[in-house]
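Chains, contacts and geometry: an overview
Listed below, chain by chain, are the residues.
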Amino acid sequence: MTMHMVDLRAYKRMVDTGRLMDARAVGPKPGEATTDPGSPVAPGPCRVVVADDADGVRDLLCLLLGTEPDFTVVGVAADGAQAIDEVHRTDPDLVLLDLAMPVLDGIGALPRIRRIAPRAVVVIFTGFSEETLLDQVLALGADALLEKGLATGPLVDQLRQLYAARRPA
């Protein structure tokens, strides 16, 4: 994975005015335990594939998730076909999938990704904010639709909650 030097503060300024689109997202409330307290071994970091055709957005997401100890980016893709290949190659826990990409968009890639990695959390990450789009991606198997304008803290928190809720007990 090639990373370009990106200032995380610039990314935070860019997205700090966004909002979450999926009000139905489930997961633990802040302060609730996300793992079995009786479990002797803590789960490993959430393995993530990031798919976005915009190099800067993809690199910023990788940088953001790379600063979090409970996330590890295991694959990146610039289009839906590459995303499918990366999911097949890496068997991730979480797929962050842009909606509008060349070759194959997120809508086209979503059912294939769901078949390859049925236990993975799949989050559509988009700049579009239509309520009908939310219904469509949820019907195709996405776990959530997050708007690209979502602030970094809430974005990471939502990804944690989605992963914690989906992870087997």
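Just so it is clear, the model here is predicted, and its values are computed rather than measured.

**Thoughts on the environment of Q158**
- On the secondary structure map, Q158 appears in helix α6 (residues 152-166).
- Judged by its relative accessible area of 13%, Q158 falls in the buried class.

**Details of the nonpolar core**
- L97, L110, I113, I124 and V137 are the most contacted members of the largest nonpolar core, which has 24 residues in total.
- At the level of secondary structure, the elements contributing two or more residues to this core comprise β1 (46-51), β2 (71-77), α3 (80-90), β3 (94-98), α4 (106-116), β4 (121-126) and α5 (131-139).
- If you look at the next biggest cluster of nonpolar residues, it comprises 22 residues, including V50, V121, V123 and L150.

**Digging into the pattern of salt bridges**
- The tally for this structure, following the rule as stated, stands at eight salt bridges.
- Of the charged contacts in the structure, one is a salt bridge between E68 and R160, with a shortest N-O distance of 2.5 Å. Here E68 is found in the loop between α2 (55-66) and β2, whereas its partner R160 is found in helix α6, with 92 residues between them in sequence.
- Close ionic contact of D98 with K148 constitutes a salt bridge, the shortest N to O distance being 3.2 Å. Within this pair, whereas D98 is found in strand β3, its partner K148 is found in the loop between β5 (144-147) and α6, the two being separated by 50 residues in sequence.
- The class for K148 is partly exposed, based on a relative accessible area of 22%.

**What about the packing of α2 against α6?**
- Across the interface, α2 lies against α6 with an axial gap of 11 Å and an inter-helix angle of 70°. For the element pair α2 / α6, the angle class is roughly perpendicular. Counting all contacts with α2, which are made through L61, L64 and L65, the residues of α6 involved are T152, L155, V156 and L159.
- When grouped by side-chain class, the residues that make up the contact of α2 with α6 number six nonpolar, one polar and no charged.

Cut-off values and rules
- Residues numbered from 1 in each chain as written.
- Predicted model: local features only at pLDDT ≥ 70, side-chain atom pairs only at ≥ 80, totals over all residues.
- Heavy atoms only, no water.
- Helix = DSSP H or I, 4+ residues; strand = E, 2+ residues; numbered from the N terminus.
- Buried < 20%, exposed > 50% of the residue type's maximum accessible area, 1.4 Å probe, protein only.
- Core = buried A, V, L, I, M, F, W, Y, C linked by side-chain atoms within 4.5 Å.
- Salt bridge = Lys/Arg side-chain N within 4 Å of Asp/Glu carboxyl O.
- Axes fitted to C-alpha atoms, helices over the stretch in contact; angles between N-to-C directions.
- Parallel < 35°, antiparallel > 145°, perpendicular 65-115°, else oblique.
- Contact = heavy atoms within 4.5 Å.
- Nonpolar A, V, L, I, M, F, W, Y, C, P; charged D, E, K, R; others polar.

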